[in-house]
Structure formats: C-alpha cells, structure tokens
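# Results of the structural survey
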There are 2 protein chains.
Amino acid sequence: MTGEFALIRRYFHPPTRHTLLAGGDDAALIVPQMAHELALSTDLLVGGQHFFPDMDPHRLGQKAAAVNLSDMAAMGATPRWVLLGLTLSSFQESWVAAFSQGFRKILDAHEVDWVGGDTTAGPLALAVTIIGEVPDGQALRRSGAHAGEDIWVSGTLGDAALGLDWRLGRCPDLAPAARDFALERFECPTPRVALGQALRPLASAAIDISDGLLADLGHLLTASGVGAQLELARIPTSAAQPSGPTDSDWQRRVLQGGEDYELCFTAPSSRRSQLEALGRAGTVVLTRIGRVTAAPEERFIQDEKGQSVAVSWRGYDHFAGAA
Amino acid sequence: MTGEFALIRRYFHPPTRHTLLAGGDDAALIVPQMAHELALSTDLLVGGQHFFPDMDPHRLGQKAAAVNLSDMAAMGATPRWVLLGLTLSSFQESWVAAFSQGFRKILDAHEVDWVGGDTTAGPLALAVTIIGEVPDGQALRRSGAHAGEDIWVSGTLGDAALGLDWRLGRCPDLAPAARDFALERFECPTPRVALGQALRPLASAAIDISDGLLADLGHLLTASGVGAQLELARIPTSAAQPSGPTDSDWQRRVLQGGEDYELCFTAPSSRRSQLEALGRAGTVVLTRIGRVTAAPEERFIQDEKGQSVAVSWRGYDHFAGAA
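Residues numbered from 1 in each chain as written. Chains lettered and ligands numbered in written order. Predicted model: local features only at pLDDT ≥ 70, side-chain atom pairs only at ≥ 80, totals over all residues. Heavy atoms only, no water.

- Under an unreviewed UniProt entry, the name given to chain A is Thiamine-monophosphate kinase, and the organism recorded is Ferrovum myxofaciens.
- Quoted verbatim from the Function (unreviewed entry) heading of the UniProt record, the comment on chain A is "Catalyzes the ATP-dependent phosphorylation of thiamine-monophosphate (TMP) to form thiamine-pyrophosphate (TPP), the active form of vitamin B1."
- In the Pathway (unreviewed entry) part of its UniProt record, chain A is described as follows: "Cofactor biosynthesis; thiamine diphosphate biosynthesis; thiamine diphosphate from thiamine phosphate: step 1/1." (UniProt positions renumbered as here; feature names shortened; annotations may be inferred.)

Pasting the structure below:
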C-alpha cells in the first residue's frame, strides 16, 4: 500500500488554480463557468502501440498532455482540467517523477489543473481525460464545412512520421538537425490551443491531425457531407523532409502520417485575409491547401500537372495495422 | 480501419438524453446545470488485475459502469455523463456487443449519457471517466467527520470477497444459493446512487467501500483527522457468509475485503432517527457500526467481550499485493 498511495500523493496531486477539490476523494469537484459548454475527451496511449515502452518518461508525460490538449484545440475550447489514469508495469520512482514533471510542464503552460485520476499495476498504458470550456454555441465541430469553402492546415505535416521513420531505422541517413527536429515533433508535439480559440469566429469546421491529414480530413468531410479537392504542391512541409511530393515516402509521411497534431479546418473564402493575418501574427503558419466540394464522395488531390495523386485516404486501424 | 471505427460507431454511440454533442468529434459537448458543481472521477480496470480476463462481458460492462457510479454516490452527486476508454486485445464483435449492452444497462438505469471515449488495441483494460452534478456546496467529502459522530455503512459487507473466494476455489463447499448471491455481488455490484444523494443533508463525510471497510474508512479518518471505534458485532453481513466474526476468513472478507461498493459515512447522533427511517424506506439497510473518536491514530475494533480485534487496517496495494 505504501507504494501506490505514496506515489499518488507525492507526484500526482500538484497544486491547482481553479479547482474546488482535487485528488484524494472519490471525485474531484470543479465549478464550471456560466454561459459556457464543457468539452470532454478521453485518449488512450498504450505502451508498444502508441509509444515505445522505453520512451523517455519526461517526453512521454509531455506527449500525453499535448495529445489531449490538441483535442481541445480542435474544438476551440480552453482546456481546464485533466484526469490521468496510469497503468504501470512496475513502480520506479525516477520514471514516475520524470513522467509527472513532463505531464505537468505542458499542463502548467496552458494553466490546466491536474485534478485526479487512478493508478494501478498492469501493462504500461495511459488514459487521459481532459475537460475544457467554450462559450455557449461557439465550439468548432467536424460537421460545419460547406462546398466552396477553403481547406486550411496549421504548421507543417509529415514531421512526426519522419521522426517515427527515423526511430524505426527507415531513414538512417537523415541529417542530425533534421532528425532532432523530427523527433521533437514526434515525441513533443505542440497542441494548437491558442489557434483553436482564435479560429472560433473564423472556421466552419475543424479537426486535429492525429491519424494523418487524409484520414482526419476524411472524418471532417464525412461529418459535413462534402468532398474535397487538395493541391499537392500547397501541402506545407518542413525543410527536414528528405524528399519531395513525387516520392512515395514523402506522400506516406505528409498525407497519411499521423501525430503532427496540427489543425485542419475549413473557412469561407471571405475569411482568407483574416486567416492570413492570423497566421502571420501567431506562432504557427496557416496554409490554404484546397477547397471543399459538394460531392460527398469526391476526395481528390491534384499534382502540379493537374493529375490525380493515387493515395489512400484511410488512416491507421489499431486492430488491423495500416489500412 | 473498418474494424475500429465501425465498432465504435455501431456499439459505442448510443442515443443521449442531456448531451449537446456525443461521440464522433474531437470532444463531446455538454451544458452543465446552473448552481451545480461537477464531480469528476476516473477508474481503471485492468484484465487479470481487477477482473478475470474471461469474465462474462455483459457482467464486466455492468461492473465497469457500477464502479464509477459508486464514486458519484460517495460524493452525493447525480451521475450524468460517461467516457469509456477501452483497450481490446482482439476485436470480437460478440464480446463488444455484450460488453456494451451491460455497460449501457447500468447507465440507462441511472439516466447517464455515454458521450464518448477511445478504443484501441492492447492488453484488455478499461478506463471509465464519469462526470456528475451536485448542488453548490453540498458534495459529500471524506474530510468532514467529527469526534463523537456515528459511523454507518449501507448494505452488507464481505459479499464480494466471498464471491472472489469462491472464484479462487477457497470455499468450494459454499451452498449454491450463497454462491450465486456472492458472485452477483462480486460481479454486478449495486452503486448506492440514490442513497448518496439522500445523505447530502445528513452525513458529514462519506466514502465508498472499494478497497475494504477498514482501508476505506481509514482514508476517511485520515482525511478528517479523527479516529474510530468499531463494534465487531454490529458489522452487517449477509446470510451467505459461511462463518462468523471469530473466524479469520470472515474478518478478512468482511473487514478487509473490497468491492462491495457500499457506502461508509459519518453523521451526528442527532441524525440517527432520520437515518434509520431512510434505511427502512430505501432499498438498502443502513447500520450504525461505531463512532468517531478524537485521536487521529486511534483505530479500534472491539469484539463482544470488549477486546480489541487484531486486524490490519491497510488495503490492497496494486504494486505489492495485499499489504
């Protein structure tokens, strides 16, 4: 008993900022703001499935927090409270200390309170639940896109997939600077929380890119009952990518690779100048990559010659591997 | 991809009653009631650790829901929304169907909306997050007990431990009726949700009995900075128990056995007649088992001769086994 409860008390009950009762009771107590809806999301991260079990625990803590903050960003919500369910195969205090420091680092940067959770023994896994607030009626959803609107993404795509490729030994010749950048993007993604909130009056629909651009945009298109035409040459990538749009590895990483945790969103063309200004003023570039079309089944990417790029719009199936 | 997303859509997005947006987006959206606090709790259930991996999935679904509802009961909260994180070692539709039916059965009985979650592949495990509402300032906590107050429990104790004993082959001679009752209590506990809400104006502190009477009452005493004197002869047990208070197996099951999910609470003696009436009127008996004492370190159980019963007040350590 000393083990479990002592570790919970020591690392998992940090001070809170806007919470009535945190940790150590049967439930945490919070007081929601008036005239706000609450956004609720749970993400599972299983060792060997979503992260390498030997991953640096400080980075794992950061990633676990960031992945959940990204869901709040995609809704335009302000993240406020987090619950952590941690399943540990063994109790090593140094691991728990480093993990909780990484987790807290990201939460603190966004003023999110870590209010409770559960800890148990078993195969290494994380279950993070995040609760955010969004003014009544202003949440971004996947279902609001209309034909004729623009499709935008934040940041650069394919970086996390490049980091994963390097970890898997698929691109051993990657230059050190590119490798470090890609690994940082893979292991410590930056949730676009401020961007999500700024998009509330501008975007018609939004999603975060966790499963890959085409898979996640596909979810948005399905939810909105529309299609899309993308321009391959417009997809933003970083200088770390060792090849270009005609390379199949580039296409796999940039179009299908997950875990960049950028936002993909749609907006009327009347918002272009505002969005361009937002991209210039903010910390992350915004790029218009295509447009929404009326035909729900139309999912089209054209190369510079106007030819269709043959690539699957499906994402990753946790039960069947890559689909 | 067909596998994961199809199963999520088919079984995990039941209709909701009081939810703005459930499932299929980056987060669910809810509208909290005015003048209410929200109670938040996450529980992990790991296969082989908290349940037998071959447990009937319908019963497992019921138990997963009930265990979380019990946390809301202990706070005096009205359970409202649930998120389920499900890690499956393989996808068997019949298992998923039965599990989700069991899960929904308990949620429906309490009008709780299943609003989202996550599903992935990995070692079988559940992470359930529940959100409840409680009128401002009325939540029951562990920290409100005062010296001189009575200590009460609901229902009977040791039944779930008897069911576990039977499953482990420790009491092969148990009569069929006693076995069925004990297994039902072990696998399908009844969360005391209505009782928890009724206790709000009566109890000074409360906790649910998940780790065993002594361990959980111990948490309450620690949080309140008080001690306790219990009377062994008053501890309520069912007719299923095959032995009495002088038996060490009885003591282990009734005093230390977890998972009964009854409520243990404290109340001023001025509330005795109201609590007795509540027990008579409700669906579960309420029993006064001792009193709160001033000395924080005093944890005393006396038998019928007034002698102290030597038994550990510690609970189960998931990292070290029984403490």
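## A closer look at the overall build of chain A
- Helices and strands together make up the secondary structure of chain A, namely 9 helices and 13 strands.
- In terms of overall size, chain A behaves like a compact globule, its C-alpha atoms giving a radius of gyration of 20 Å where 323 residues would be expected to give roughly 20 Å.
- Principal axes of the C-alpha set define a box for chain A whose edges measure 65 × 50 × 35 Å.
- Counting only contacts in chain A whose residues sit at least 6 apart along the sequence, the fraction spanning at least 24 positions is 83%.
- When the accessible area of chain A is evaluated, it comes to approximately 12,200 Å², of which 49% is carbon and sulfur surface.
- Computing the positive centroid from 27 side-chain charges and the negative centroid from 38, chain A places the two 4 Å apart. (Helix = DSSP H or I, 4+ residues; strand = E, 2+ residues; numbered from the N terminus. Rg over C-alpha atoms; globule rule 2.2 N^0.38 Å. Contact = heavy atoms within 4.5 Å. Areas by Shrake-Rupley, 256 points an atom, 1.4 Å probe, with all protein chains shown as cover. Lys, Arg positive; Asp, Glu negative; His and termini not counted. Charge placed at Lys NZ, Arg CZ, Asp CG, Glu CD.)

## Let's talk about helix H3 (residues 93-109) of chain B
Residues and elements named next belong to chain B.
- The terminal C-alpha atoms of H3 lie 24 Å apart, and with 17 residues this matches the ideal 24 Å at 1.5 Å per residue to within 8%.
- Here H3 has its buried residues at Trp95, Val96, Ala97, Ala98, Phe99, Ser100, Gly102, Phe103, Ile106 and Leu107.
- Just downstream of H3 lies glutamate 111, where phi reads positive at about 55°. (Expected span 1.5 Å × (residues − 1). Buried < 20%, exposed > 50% of the residue type's maximum accessible area, 1.4 Å probe, protein only.)

## Focus: the interface of chain A and chain B
- On the side of chain B, 70 residues touch chain A, which itself brings 70 residues to the contact.
- Buried surface at the junction of chain A and chain B, summed over both partners, amounts to about 5,400 Å²; 63% is from carbon and sulfur atoms.
- Our count for the chain A to chain B interface comes out at 4 salt bridges.
- If you look at where chain A meets chain B, you find 15 residue pairs in polar contact (both at pLDDT 80 or more).
- Broken down by element, the residue count for the side of chain A that touches chain B peaks at 10 residues, all from strand S2 (residues 36-46) of chain A.
- Here S2 of chain A runs beside strand S1 (residues 28-30) of chain B; their pairing, made up of 3 bridges, is antiparallel. Counterpart to alanine 39 of chain A in the pairing with S1 of chain B is leucine 29 of chain B. (Buried area = accessible area lost by both parts, 1.4 Å probe. Salt bridge = Lys/Arg side-chain N within 4 Å of Asp/Glu carboxyl O. Polar contact = N/O pair within 3.5 Å; in protein donor to acceptor, adjacent residues only side chain to side chain. Pairing = 2+ DSSP bridges.)

## Quick look at the relation of the copies chain A and chain B
- Once turned by 180° and shifted 0.0 Å along the axis, chain A lies on chain B with an RMSD of 0.0 Å. Taken together, the rotation and translation describe the operation of a two-fold axis.
- A share of 100% of interface residues in chain A that are also interface residues in chain B marks the association as one of identical surfaces. (Least-squares fit on C-alpha atoms with pLDDT ≥ 70 in both.)

## Details of the domain arrangement of chain A
All names here are of chain A.
- Annotation of chain A at the domain level lists domain 1 (2-135) and domain 2 (150-313).
- Just the C-alpha atoms count here: the centres of domain 1 and domain 2 sit 27 Å apart.
- Between domain 1 and domain 2, the residue contacts involve 21 residues of the former and 21 residues of the latter.
- Together domain 1 and domain 2 conceal approximately 1,700 Å² of surface at their shared face, both sides included; 58% is due to carbon and sulfur atoms.
- Here domain 1 and domain 2 share 4 salt bridges between them.
- Across the pair arginine 59 and glutamate 187 runs a salt bridge, and its minimum N-O distance is 2.8 Å.
- Where domain 1 packs against domain 2, one counts 7 residue pairs in polar contact (both at pLDDT 80 or more).
- If you list the elements that add at least two residues to the side of domain 1 that touches domain 2, you get helix H2 (57-75), strand S3 (78-88) and strand S5 (125-135).
- Residue classes in the side of domain 1 that touches domain 2 are distributed as 11 nonpolar, 6 polar and 4 charged. (Domains from an automatic or database assignment. Nonpolar A, V, L, I, M, F, W, Y, C, P; charged D, E, K, R; others polar.)

## Here we look at the sheet that holds strand S6 (residues 150-154) of chain A
All names here are of chain A.
- Read from one edge to the other, the open sheet built from 6 strands follows the order S7-S9-S6-S10-S8-S11, with strand pairing classed as mixed. Lying at the two open borders of the sheet, with one neighbouring strand each, are strand S7 (205-208) and strand S11 (299-302). In this sheet, neighbouring strand axes are inclined to one another by 25° on average, regardless of whether the strands run parallel or antiparallel.
- Across 4 bridges, the pairing between S7 and strand S9 (residues 263-267) is antiparallel. Among the inter-strand pairings, alanine 206 is bridged to a residue of S9, identified as phenylalanine 265.
- Along the sheet, helix H7 (residues 213-224) contacts S6, S7, strand S8 (227-231), S9, strand S10 (286-293) and S11; its crossing angle with S7, the most-contacted strand, is approximately 150°. (Axes fitted to C-alpha atoms, helices over the stretch in contact; angles between N-to-C directions.)

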